[in-house]
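An overview of the molecular structure
If you want the building blocks of each chain, they are given just below.
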Amino acid sequence: MTKFEEHPTVLWWREQAVAKSPVVASIPLNADALRELCLQAGADDVGFVEISRPAIADQHADILAAFPRTKTLISFVCRMHKENVRAPLRSIANTEFHASGADIDRVGRSIVETLTKIGIRALNPSVAFPQEMDRYPGKVWTVSYKPVAIAAGLGHMGLHRNVIHPKFGNFILLGAVLIEAEVTEYNYPIDYNPCIDCKLCVAACPVGAIGMDGHFNFSACYTHNYREFMGGFTEWAETIADSKNAREYREKYSAAESASMWQSLSFKANYKAAYCMAACPAGEDVIAPFLSDRQGFVREVVKPLQDKTETIYVISGSDAETYTAKRFPHKTVKPVSSGIRPVSIAGFLFGLPLLFQRNQSAGLNAIYHFTFTGSESCDATITIQNKTLQVQTGHIGRADIAITADSKTWIGFLCKEQNIIWAILRRKIRVSGSIKLLQAFGKCFPS
Ligand code: B12
Ligand code: SF4
């Protein structure tokens, strides 16, 4: 083996490093030229955000963990074909989502490739998947593109929480490239929200995930729309494991559902809805049919999605179960589990706002003090009041009920592996206050 000091690569680098010009990355990149480079790569719009921007401060750690040299985020969008997204046939919409996702990855990669050639180090995280599944059910993605796109002046989140571009509407997917250079000029949020507050996203969503007041029911969207992704897949696999034979499995899953799962595994996971995005008339390039004939637009775009007969997946005892049965009686409501099981107390506390079903909490006003002991000891206060939820660390205020629990036992109980009565009898879980309040608590977080 050649000695390190005499290795051809080491010798080559040392020779050419002497003659090298100043490090390119230390010179700010011209914003116009960089913008042009991104458009040439296939982006439909682009903006730049410096890493120190307060609007993305909560993402610093994750961004720098992925690429410690990051000085600038290039935020870009690729347009989707709206007729495809709007088609009630989901195979057509999913083809569009996957093709546009591939565009984002291709554009990001192409920007990285060009910058690398001129000596600027850069990295493009994935459009959506793959993600870091070892962190599941926590934050499995790297960069939250929506806040970055907003900071870069590419639009604002509408009532449905998708980013609406002022021109292209919400028919865009988002990407970002992290680069080690500064840019001569940065971009800032646009001064109006393209959302026109028509509430058609509310009307179209089959599980009531979007509230009139802007509340987003994560668990409702995730359980139905993502039925063939992480949680739904986990539940499907567990159903197979728990079934005594093929006949019992078939009682729980139809042939169409098995085939659909096969399709997702073979051709990329399929979304079940995205109707909020399909219905949205906002954006200069999109709004004409809505403004010229509002009723006609609803008839042509929203009604077919509402009228579609299909299976809607809901968590048993959730707000979505009640909503879908009442609002869309012609759709088949199938109660399932979300498949989300916390693996730590931190995960349990983090997940509460995502699982909270505000209508199930109606009439409940209580302060819960949790004391977790054992492998993950910590204190938490959970306040449920007027259909809202607050999770705080420490014990705050006067508790209506205090629960002391061994952390492992509590996680086992949440995963349905431990019986709570057994745990109470063995004093692994101790409750001071009305047990009814504990039951009411459970009702707010069906999973
Ligand atoms: C997590 C996620 C989801 C979650 C949460 C959706 C949401 N509102 O954020 C679920 C699984 C429900 C989801 C659904 C969809 N998504 Co999505 N999703 C993401 C992802 C990976 C991160 C989103 C994010 O930044 N959230 C945090 C903050 C900024 O968003 P927020 O709305 O304020 O927060 C809500 C939720 O995110 C949730 N939340 C906050 N923190 C955390 C942490 C964890 C661990 C979890 C699980 C949830 C969660 O609670 C908040 C309030 O409800 C991004 C890709 C990425 N890397 O950025 C795509 C992304 C946001 N999704 C996208 C799309 C297209 C969709 C769907 C249309 C998918 C589809 N084809 O059906 C639906 C639309 C649902 C909707 N109305 O929002 C696009 C949006 C494009 C656009 N124009 O804005 C993105 C940007 C992907 C992309 N690269 O283009 N998605
Ligand atoms: S459908 Fe209407 S209310 Fe919903 S985000 Fe689009 S413009 Fe806003």
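Check the entry above for the structure.
Considering the site of ligand 1
- Val-143, His-160, Arg-161, Val-163 and Asn-225 are the nearest of the 32 residues found near ligand 1.
- Take Tyr-226: an N or O atom from its side chain is 3.4 Å from a nitrogen atom of ligand 1.
- Listed by contribution, the elements that provide at least two residues to the shell around ligand 1 are α6 (145–151), β6 (172–179), α8 (218–225), α12 (275–279) and α16 (345–355).
- Taken together, the residues of the shell around ligand 1 sort by class into 22 nonpolar, seven polar and three charged.
- The two domains that each donate at least three residues to the shell around ligand 1 are domain 1 (4–179) and domain 2 (200–336).

Some details on the site of ligand 2
- Taken together, 13 residues form the shell around ligand 2, and within it Cys-195, Cys-198, Lys-199, Cys-201 and Cys-280 come nearest.
- Here the residues of the shell around ligand 2 sort into nine nonpolar, two polar and two charged.
- For the shell around ligand 2, the domains that each give at least three residues are domain 1 (4–179) and domain 2 (200–336).

Observations regarding the packing of aromatic side chains
- Inspection of the entire model under this criterion finds 23 aromatic pairs.
- Between Phe-356 and Phe-445, the aromatic rings sit 5.7 Å apart at their centres with planes inclined by 45°, giving tilted as the arrangement. Of this pair, Phe-356 sits in the loop between α16 and β9 (366–373) while Phe-445 is found in the segment after α19 (435–444), placing the two residues 89 residues apart along the sequence.
- The buried category is assigned to Phe-356, whose relative accessible area is 6%.
- Using a relative accessible area of 10% as the deciding quantity, one classes Phe-445 as buried.
- Lying across the ring of Phe-328, Lys-331 places its NZ or CZ 5.3 Å from the centre.

Concerning the pairing of strand β7 (residues 311–315)
- The element β7 is extensively covered by neighbouring structure, given that four of its five residues are classed as buried.
- Note on the crossover from β7 through helix α15 (residues 319–327) to strand β8 (residues 332–336): the handedness is right-handed.

Regarding the pattern of salt bridges
- Enumeration over the complete set of coordinates arrives at 20 salt bridges.
- Arg-53 is the partner of Glu-50 in a salt bridge, and the nearest nitrogen-oxygen pair spans 3.0 Å.
- Taking relative accessible area as the criterion, Glu-50 reaches 16% and is therefore assigned buried.
- As a salt-bridge pair, Lys-331 and Glu-310 come within 2.7 Å of each other at their nearest N and O atoms. Separated by 21 residues along the polypeptide, Lys-331 in the loop between α15 and β8 and Glu-310 in the loop between α14 (294–307) and β7 bring together distant segments of the chain. Just as Lys-331 is buried, Glu-310 falls in that class too.
- Each of the salt bridges in this network shares a partner with another, and the network as a whole consists of Arg-79, Lys-167 and Asp-285.

Brief notes about the sheet that holds strand β10 (residues 378–385)
- Within the open sheet, the five strands sit side by side as β11-β10-β9-β12-β13. Their pairing is mixed. Looking along the sheet, the strands with just one partner apiece sit at the ends: β11 (388–393) and β13 (429–432). Across the sheet, the axes of successive neighbouring strands diverge by a mean angle of 15°, strand direction being ignored.
- Here seven bridges tie β9 to β10, and the two strands are oriented antiparallel to one another. The residue bridging His-369 from the neighbouring strand is Thr-381, located in β10.
- The strands that helix α17 (residues 407–414) touches are β9, β12 (401–406) and β13; relative to β12, the one it contacts most, it runs at about 100°.
- Along the sheet, α19 contacts β9, β10, β12 and β13; its crossing angle with β9, the most-contacted strand, is approximately 90°.

So, how was this worked out
- Residues numbered from 1 in each chain as written.
- Chains lettered and ligands numbered in written order.
- Predicted model: local features only at pLDDT ≥ 70, side-chain atom pairs only at ≥ 80, totals over all residues.
- Heavy atoms only, no water.
- Near = heavy atom within 4 Å.
- Polar contact = N/O pair within 3.5 Å; in protein donor to acceptor, adjacent residues only side chain to side chain.
- Helix = DSSP H or I, 4+ residues; strand = E, 2+ residues; numbered from the N terminus.
- Nonpolar A, V, L, I, M, F, W, Y, C, P; charged D, E, K, R; others polar.
- Domains from an automatic or database assignment.
- Phe/Tyr/Trp six-rings, centres within 6.5 Å; stacked < 30°, edge-to-face > 60°.
- Buried < 20%, exposed > 50% of the residue type's maximum accessible area, 1.4 Å probe, protein only.
- Lys NZ or Arg CZ within 6 Å of the ring centre and 35° of its normal.
- Right-handed = clockwise from strand over helix to strand, strands pointing away.
- Salt bridge = Lys/Arg side-chain N within 4 Å of Asp/Glu carboxyl O.
- Pairing = 2+ DSSP bridges.
- Axes fitted to C-alpha atoms, helices over the stretch in contact; angles between N-to-C directions.
- Contact = heavy atoms within 4.5 Å.

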